[in-house]
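Here is how the chains run, residue by residue.
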Amino acid sequence: MSTGIPVQYFLILATLMFFTGVYGFLTRRNLITILMSVELILNSVNINFLAFNRYLYPHKLEGMFFSLFVIAVAAAEAAVAIAIIINIYRRFTTINVEDVHEMKF
Amino acid sequence: MTSNQIMFILFAAMIIIFSLLTVTTRRILRAAVFLLFVLVSTSGLYFLLNYQFLAAVQLTLYAGGIVVLIIFSILLTSHINQKFEEPGLKKIIFSALAAAAGAILAIITILDFKFTATSQAAAEVNMKLIGKSLLSVDYDGYVLPFEVISVLLLAAMIAAIVVAKKSGPAGIQSQILNKE
């Protein structure tokens, strides 16, 4: 058991990580770096789930399974997003979000 | 100061520093490597919280799978030595303000809230319990989300192959015909 660390520390750490991801999401222009910021955000949410599970409801496993499913969804999302990014690169030869502004088929 | 606290401070510092570097570095491959450090330290936090299974999943799936996928796509789409241009100062200021405002609001709420833990004894998290819960249809079972995730992963896999394929079905057929 992680004794001696209040649950608030975990939550503050996850908050800082989440908003770092938000900052990256807002400032970056390359599609892959935007995807990385999204991964940061998802990861910080996982820390929250696990801290709540361990500190507040240690007799259940809900937080653990939620983070397991979040990780699976993140993997699926990354695979599809990267397929789309590679396809965009083939069509426009750039993955800068400001140069890719038409979604014509 | 106990060893737990020292490890927590170490992991927290690594997470914050490397996530800041991930979103601010101007070389894309370095950003991917910093993201890898963030994910590995997060898995260290999971070990600290005594969720060994999830820490292993985090290491193999996130640090092993997704980062490698991202690095491959970087190598396919960008030049290694290419540096991003700096985003405009206005954009940086407003994004930082938005992020800082959100963070301060969330931290104030966290510090205000009184967290009360249950008095029930902690369950021992072992592989047997995890497997049984994943495939159980009882009140504590997670078989429905498990199946839904399986279908989602299959759909995502097929979708990724179809989207990233070089030519459509007609193109492949004509290639086969040309070879014959």
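Structure: above.
Residues numbered from 1 in each chain as written. Chains lettered and ligands numbered in written order. Predicted model: local features only at pLDDT ≥ 70, side-chain atom pairs only at ≥ 80, totals over all residues.

## Observations regarding the interface of chain A and chain B
To keep it simple, the criterion reads: Residues are defined as contacting one another if the C-beta atoms placed from their backbone atoms lie within 7 Å. Under the DSSP-based scheme used, a helix requires at least four consecutive residues in state H or I and a strand at least two consecutive residues in state E, with every element numbered from the N terminus. Here the term charged refers only to Asp, Glu, Lys and Arg, the term nonpolar to Ala, Val, Leu, Ile, Met, Phe, Trp, Tyr, Cys and Pro, and the term polar to all other amino acids, Gly among them.
The interface of chain A with chain B comprises 64 residues on the first partner and 71 residues on the second. The set of elements that each furnish at least two residues to the side of chain A that touches chain B consists of helix 1 (7–27), helix 2 (31–55) and helix 3 (62–92) of chain A. Here the element with the most residues in the side of chain A that touches chain B is helix 3 of chain A; it accounts for 21 residues. Counted by class, the side of chain A that touches chain B contains 45 nonpolar, 15 polar and four charged residues.

## Some words on unusual backbone geometry
Backbone phi values are negative for most residues with the exception of glycine, while trans is the configuration of most peptide bonds. We count it as follows: Backbone-placed C-beta atoms define the burial measure: a residue is buried with 20 or more other C-beta atoms within 10 Å of its own, exposed with 12 or fewer, and partly exposed in between.
Non-glycine residue T93(A) carries a positive phi angle of around 50 degrees. Within the element layout of this structure, T93(A) appears in the segment after helix 3. A tally of 9 C-beta atoms within 10 Å means that T93(A) is categorised as exposed. Positive phi, normally seen in glycine, also occurs at N50(B), with a value near 75 degrees. Structurally, N50(B) is set in the loop between helix 2 (28–48) and helix 3 (52–77). By the C-beta count within 10 Å, which is 16 here, N50(B) ends up partly exposed.

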